[in-house]
Amino acid sequence: MGSKYTKRYTEEFKRDAIALVDSSGKTVTAVARELGISSESLRGWYRRAKADRGEGAPGELTSAERDELRRLRKENREQQQTIEILNKRRPSS
């Protein structure tokens, strides 16, 4: 079982780790092992970086697109809640 504690890495560390994968010719797993981090974490960072550079899989969202989607979903939820409140306050005919 994994621990309940999730380690946070700086953006600089993530960029350096991704650059190491790109420049070393080593696998993501090998670089992750060298850095003492989870290969799944590094794989995720690497995949996102590729998408942000326009090299991702077809249909894969960039970080900016994911952020916008998250913001729009939150805005939609808030508007739906407002509509529900207003509908409850409307007098019945």
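Our structure is the block above this text.
The structure contained in this document is the topic of the report that follows.

Observations concerning the overall build of the protein
Line of reasoning, step 1. Helix and strand content of the protein: four helices and zero strands.
Line of reasoning, step 2. N-terminal to C-terminal, the α/β element order of the protein is α-α-α-α.
Line of reasoning, step 3. For the protein, whose C-alpha radius of gyration is 21 Å, the value lies well above the compact-globule estimate of 12 Å for 93 residues.
Line of reasoning, step 4. Projected onto its principal axes, the C-alpha coordinates of the protein cover approximately 70 × 35 × 20 Å.
Line of reasoning, step 5. For the protein, the residues scored as buried account for 15% of the 93 residues in total.
Line of reasoning, step 6. Per element, the accessible surface of the protein, about 7,800 Å² overall, is 50% carbon and sulfur.
Line of reasoning, step 7. Taking the average place of the 21 positive charges on the side chains of the protein and the average place of its 15 negative ones, the gap between the two points comes to 7 Å.

Focus on the packing of aromatic side chains
Line of reasoning, step 1. Counted according to the given criterion, the structure contains three aromatic pairs.
Line of reasoning, step 2. Seen in terms of ring centroids, Tyr9 and Phe13 are 5.0 Å apart; in terms of plane orientation they differ by 20°. Their pairing is stacked.
Line of reasoning, step 3. Here Tyr9 falls in the partly exposed class, since its relative accessible area comes to 22%.
Line of reasoning, step 4. Taking relative accessible area as the criterion, Phe13 reaches 27% and is therefore assigned partly exposed.
Line of reasoning, step 5. Seen in terms of ring centroids, Phe13 and Trp45 are 6.2 Å apart; in terms of plane orientation they differ by 85°. Their pairing is edge-to-face. Residue Phe13 is found in helix 1 (residues 11-24), and its partner Trp45 is found in helix 3 (residues 39-52); the two are separated by 32 residues along the sequence.
Line of reasoning, step 6. On the accessibility criterion, Trp45 (8% relative accessible area) is buried.
Line of reasoning, step 7. Feature note: the residues Tyr9, Phe13 and Trp45 constitute an aromatic cluster, connected by ring pairs.

The rules we used
- Residues numbered from 1 in each chain as written.
- Predicted model: local features only at pLDDT ≥ 70, side-chain atom pairs only at ≥ 80, totals over all residues.
- Heavy atoms only, no water.
- Helix = DSSP H or I, 4+ residues; strand = E, 2+ residues; numbered from the N terminus.
- Rg over C-alpha atoms; globule rule 2.2 N^0.38 Å.
- Buried < 20%, exposed > 50% of the residue type's maximum accessible area, 1.4 Å probe, protein only.
- Areas by Shrake-Rupley, 256 points an atom, 1.4 Å probe, with all protein chains shown as cover.
- Lys, Arg positive; Asp, Glu negative; His and termini not counted.
- Charge placed at Lys NZ, Arg CZ, Asp CG, Glu CD.
- Phe/Tyr/Trp six-rings, centres within 6.5 Å; stacked < 30°, edge-to-face > 60°.

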